[in-house]
Amino acid sequence: MTYTVTNSWNNGFQGEIAIRNVGDAWTSWNLTFSYANGQRVTQGWGGRFTQSGTQVTVANESWNGAVPNGGSVTPGFLGSHTGTNTNPTAFAVNGVACTGSPVTSNPTTGGPTSTPTTRPPTTPPRPRRRRTRRRRRPDRAPRTRTWVAVAT
């Protein structure tokens, strides 16, 4: 499990949480964690975010609930804060506490605050887009070249 603050500004921040399944396959997942300094999740993607007080819950979407052993999901979010934006330290997936030290980073402090216990998941390369020829605009006549022969 990796919690990362990817961007930060006056009273807001953007983050992502990489959740890696190291056990039996999941048909659904539910992540819980708590903020210590009154942070609020204002928008989320890749999961359904709800918050009650300091407790945040992220549940799977209909399209990303099945996670095989070794698979991962990475929900992202925008948040707000007043004062210190301390990263959460305790996480649980499907009611089971995440063990090891989660990797947390914050752009204002310059990087990771602990060493990961497992290798973070890699993202597959994006498929290359096929280049296509530009179509000639119908309102333009094709270019023609005129050659003039000069006798000497």
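Up top you'll find the structure we're talking about.
Here is what the cut-offs are and how they apply
Residues numbered from 1 in each chain as written. Predicted model: local features only at pLDDT ≥ 70, side-chain atom pairs only at ≥ 80, totals over all residues. Heavy atoms only, no water. Core = buried A, V, L, I, M, F, W, Y, C linked by side-chain atoms within 4.5 Å. Buried < 20%, exposed > 50% of the residue type's maximum accessible area, 1.4 Å probe, protein only. Helix = DSSP H or I, 4+ residues; strand = E, 2+ residues; numbered from the N terminus. Contact = heavy atoms within 4.5 Å. Polar contact = N/O pair within 3.5 Å; in protein donor to acceptor, adjacent residues only side chain to side chain.

Enquirer: Requested: an account of the nonpolar core, with residues and values cited.
Expert: With 20 residues, the main nonpolar core has Tyr 3 and Phe 33 as its most contacted residues. Of all the elements in the fold, those that place two or more residues in this core are β1 (2-9), β2 (12-20), β3 (30-34), β6 (55-59) and β9 (91-93). The dominant element in this core, judged by the number of residues it contributes, is β2, at three residues. Contact partners of Phe 33, with chain neighbours within four places excluded, come to Tyr 3, Ile 17, Thr 54, Gln 55, Val 56, Val 58, Pro 88, Ala 90 and Phe 91.

Enquirer: Which residues make up the environment of Thr 54, and what values do they have?
Expert: Counting through the fold element by element, Thr 54 comes out in the loop between β5 (48-52) and β6. Separated by 14 residues in sequence, Thr 54 and Arg 40 place their C-alpha atoms 7.8 Å apart. Here Thr 54 is in contact with Phe 33, Ser 34 and Tyr 35, once residues within four sequence places are set aside.

Enquirer: Could you give an account of the side chain of Gln 39, with specific residues and numbers?
Expert: Take Gln 39: it is sitting in the loop between β3 and β4 (40-45). Polar contacts involving the side chain of Gln 39 include one to the main-chain amide nitrogen of Asn 37, which spans 3.1 Å. Setting aside residues no more than four positions away along its own chain, Gln 39 makes contact with Phe 13, Gln 51, Ser 80, His 81, Thr 84, Asn 85 and Thr 86.

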